[in-house]
Amino acid sequence: MPEPATRHGRDGAAITVPPSFRAMPRWWHDVAGREWLDRLPGLVSAHCARWGLVVDGPCRHGSNALVVPVLQGSRPAVLRLSPPGDDIAGEVAALAHWDGRGVVKLLAADPAEGSMLLERLDPSRSLATTPLPEAAATLGRLARELAVPAPEDVLSTSEIAAEEAAHFERRWQALHEPVPEVLLTAATAAARRRADCDPGSSSVDGDLHYEQVLTGERHRWTVVDPVLLCGDIEYDIGRALWSRLDEMPEDRDVHRAVEAFVAAAGVPRSRARDWVLVRSMSYLLWGLERGLTEDPPRCHRLLELFA
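**Things to note about the nonpolar core**
- Judged by nonpolar contacts, the single largest core of 75 residues is most densely connected at L241 and F306.
- Here this core gets 9 residues from one element, more than from any other, and that element is helix 9 (residues 269-289).
- Other than its neighbours up to four places away in sequence, L241 contacts M248, V254, A257, V258, V276, L302 and F306.
- One finds L40, L43, L79 and L81 within the second-largest nonpolar core, a separate group that totals 22 residues.

**Concerning helix 3 (residues 88-98)**
- Buried residues of helix 3: I88, E91, V92, A94, L95 and W98, and no others. Across the axial projection of helix 3, the buried residues extend over an arc of 160°, all falling on one side.
- Along its buried surface, helix 3 packs onto strand 4 (75-81), strand 5 (106-110), strand 6 (115-119), strand 8 (203-205) and strand 11 (228-230).
- D99 lies just past helix 3 and shows a positive phi near 50°.

**Topic: the pattern of salt bridges**
- All chains considered together, the criterion is met by 28 salt bridges.
- Of the charged contacts, one joins R22 and D38 as a salt bridge, the two residues approaching to 3.1 Å between their closest N and O atoms. In this pair, R22 sits in helix 1 (residues 19-22) while D38 sits in helix 2 (residues 31-51), placing the two residues 16 residues apart along the sequence.
- Among the residues examined, R22 registers a relative accessible area of 37% and is labelled partly exposed.
- Its relative accessible area of 53% is what places D38 among the exposed residues.
- Linked by salt bridges that have partners in common, R193, R194, D232, E234, R271, R273 and D274 make up one network.

**Re the pairing of strand 6**
- In terms of burial, strand 6 is a largely internal element, 5 of the 5 residues being buried.
- Judged from the 5 bridges that link them, strand 4 and strand 6 form a sheet pairing that is antiparallel. Across the sheet, residue R80 finds its bridge partner in strand 6, namely M116.
- Here strand 5 pairs with strand 6 via 4 bridges, running antiparallel. Opposite A109, over in strand 6, you have M116 as the bridge partner.

**Topic: the environment of A77**
- Structurally, A77 is set in strand 4.
- Here A77 falls in the buried class, since its relative accessible area comes to 0%.
- As a C-alpha pair, A77 and L106 span 29 residues in sequence and 9.8 Å in three-dimensional space.
- Once residues lying within four places of it in the same chain are set aside, the contact partners of A77 are V68, P69, V70, L107, L117, L118, E119 and R120.

**Description of the packing of helix 5 (residues 157-174) against helix 6 (residues 181-196)**
- Contact pair helix 5 / helix 6: the axes reach a minimum separation of 7 Å and the direction vectors enclose 160°. Relative to helix 6, helix 5 is oriented roughly antiparallel. The hand of the helix 5/helix 6 crossing is left-handed. Where helix 5 approaches helix 6, its residues S158, A161, A162, A165, F168, E169 and W172 are matched on the opposing element by E181, L184, A187, T188, A191, R192, R194 and A195.
- Of the residues in the contact of helix 5 with helix 6, the class split is 9 nonpolar, 2 polar and 4 charged.

**Section: unusual backbone geometry**
- Here the bond from L132 into P133 is cis, since omega is 0°, no more than 30 degrees from zero.
- Along the chain, P133 falls in the loop between strand 7 (122-126) and helix 4 (134-145).
- Even without glycine at this site, E177 takes up a positive phi of about 55°.
- For E177, a relative accessible area of 48% puts it in the partly exposed group.
- Positive phi is not limited to glycine here, since D225 has a value of about 50°.
- Its location among the elements puts D225 in the loop between strand 10 (222-223) and strand 11.

About the criteria used
- Per chain, the residues get numbers from 1 upward, laid out in the order the sequence is written.
- Residues qualify for local features only when their pLDDT is at least 70, as the model is predicted, and side-chain atom pairs are given and counted only at 80 or more; totals for whole chains, interfaces and linings, by contrast, use all residues.
- Derived side-chain values reflect all non-hydrogen atoms in the structure, with water molecules and hydrogen atoms excluded from consideration.
- Within this scheme, the nonpolar core is defined by two criteria: the residues are buried Ala, Val, Leu, Ile, Met, Phe, Trp, Tyr or Cys, and they are joined through side-chain atoms within 4.5 Å.
- Buried means the residue's accessible area, taken with a 1.4 Å probe over protein chains only, is under 20% of the maximum for its type, while exposed means over 50%, and partly exposed covers the values in between.
- Comment: elements are numbered from the N terminus, with helices defined as DSSP H or I runs of at least four residues and strands as E runs of at least two.
- Should any heavy atoms of two residues lie within 4.5 Å, those residues are considered in contact.
- What the arc describes is the spread of directions from the helix axis to the C-beta atoms.
- The term salt bridge refers to a side-chain nitrogen of Lys or Arg lying within 4 Å of a carboxyl oxygen of Asp or Glu.
- Pairing between strands requires that DSSP locate at least two bridges from one strand to the other.
- Note on definitions: angles span 0 to 180 degrees between N-to-C directions of axes, and those axes are lines fitted to C-alpha atoms, for helices only across the stretch in contact.
- By definition in this entry, angles of less than 35 degrees are roughly parallel, angles greater than 145 are roughly antiparallel, angles of 65 to 115 are roughly perpendicular, and the rest are oblique.
- Crossing handedness is read from the near helix: turned anticlockwise from the far helix by less than a right angle, it gives a left-handed crossing, and turned clockwise, a right-handed one.
- Three categories are distinguished: nonpolar for Ala, Val, Leu, Ile, Met, Phe, Trp, Tyr, Cys and Pro, charged for Asp, Glu, Lys and Arg, and polar for the others, with Gly belonging to the last.

Take a look at the structure:
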């Protein structure tokens, strides 16, 4: 469990970096990252002094960032700190683009320091614990809500699909053909279909899944850490399936979740099917390349189900 933060006055704050954060695999071979971990207490104090913050509870973290609950006057917020090298400028741009529409509100940021001040949500209540297919329908509604016109210079889902189609077979062969060729053929064909279609101009969250959706005061459900793309808003539906596939033992359960997402998002089922195939093949290959053992079989099941 994270160690509790120490609360101080408005002129500063002190925190203890949770041992569980220091133990994350990303730091094992990252000297600069481990040095950044050592500097975190000082960085938190500096940002508290700069933005008038008081530490207000225990630190939390994911695999990459430290999140510190703070008060700015009477307003609850969180200070999020990310290590050098992470694309904080891109994250800030995404949050500024949506400006609180379906996503966490950005209150202040310093991309050079890897820091953001964000509205506080409830980390104990995410869509990960909401029953399926209600959770899938919520993701679909959020995908639709986020589908405002995208900036012209962001990466499109069709570009991603083209890249996947170009490299699926080489990666599959390098891994000694881990799934039947018929599944590779189906995923490659789906990627080519999505690459050849006009992606449109809708904004897309390229990292939309259950654990990234928390409850808050402004909205019942709010997206955190969005990745801004443009194109097909159902781009990440595969992740919505494999991340909770163990809760869907029957094939009909999987189809029910897809139907809930598709109906709420207002997208064609055939297009959603294509993205399940593309994303499942992509993640299966990526996982095997890195020695993962649990998620590749889940992706294999989705490929067999939708091919």
